[in-house]
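# Chain and residue survey
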Amino acid sequence: MFWSDDHRSQKIGGLLIGLLALGAYHAWVSMEVVFGYQDCAAAPEASDGVTLIFPLWEVTRIDGPRRYAASKVHKDVPIEGDTAMLSVGTTISIQGRFRASDRTVVEERREIHWLRAWKERLGVAGFAAVAALAPLFFRVRGGRIIG
């Protein structure tokens, strides 16, 4: 049975190999498969009109009523779209088309993540609560964790 202590070294080794394989696959997809703003900027004429998606990016600059910049993987990607509800630091997800003439992303769809900061705080609070309460529910005896 998987959850028994039999052959636990081999089980842990297998899990570590699987984790390394998933990490390597993610790195390969991130570097080779995903087509993003950097690829468009490198070959603007060939990329004119390509749809780009920016999940959970942060607004880093507002240049006017119809132009702002967002950053995450790349710093200050120029985006054309309404800035009325935006402020620097707002977390947004954007879908837009690359315009080669000025290397700008023309926003087609946007979602503002109003509660993102609260979600992050809740995650930290949850982790802290689990870390603080874990000693009440688990003990180490004979070199093993018991509940």
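Now for a look at the structure at hand. (Residues numbered from 1 in each chain as written. Predicted model: local features only at pLDDT ≥ 70, side-chain atom pairs only at ≥ 80, totals over all residues. Heavy atoms only, no water.)

Another aspect to go through is the sheet that holds strand β4 (residues 91-99). One closed barrel accounts for five strands, arranged β1-β2-β3-β5-β4; its pairing is mixed. Pairwise comparison of adjacent strand axes, ignoring direction, gives a mean angle of 55° for this sheet. Bridge count between strand β1 (residues 51-64) and strand β2 (residues 67-71): five bridges; the pairing is antiparallel. Across the sheet, the residue bridging to arginine 61 is alanine 69, located in β2. (Pairing = 2+ DSSP bridges. Helix = DSSP H or I, 4+ residues; strand = E, 2+ residues; numbered from the N terminus. Axes fitted to C-alpha atoms, helices over the stretch in contact; angles between N-to-C directions.)

So, about the side chain of serine 71. Assignment of secondary structure puts serine 71 in strand β2. A distance of 3.2 Å separates a polar atom in the side chain of serine 71 from a polar atom in the side chain of threonine 60. Polar contacts involving the side chain of serine 71 include one to the main-chain amide nitrogen of aspartate 76, which spans 2.7 Å. Serine 71 has contacts with Trp57, Glu58, Thr60 and Asp76, leaving out every residue within four places of it along the chain. (Polar contact = N/O pair within 3.5 Å; in protein donor to acceptor, adjacent residues only side chain to side chain. Contact = heavy atoms within 4.5 Å.)

What follows deals with unusual backbone geometry. Look at histidine 7: it is not a glycine, yet its phi comes out positive at around 55°. By the element assignment, histidine 7 lies in the segment before α1 (8-33). In this model, aspartate 76 sits at a positive phi of 55°, which is unusual for a non-glycine residue. Examined against the element boundaries, aspartate 76 turns out to sit in the loop between β2 and β3 (77-80).

By themselves, these observations are geometric and do not establish any function.
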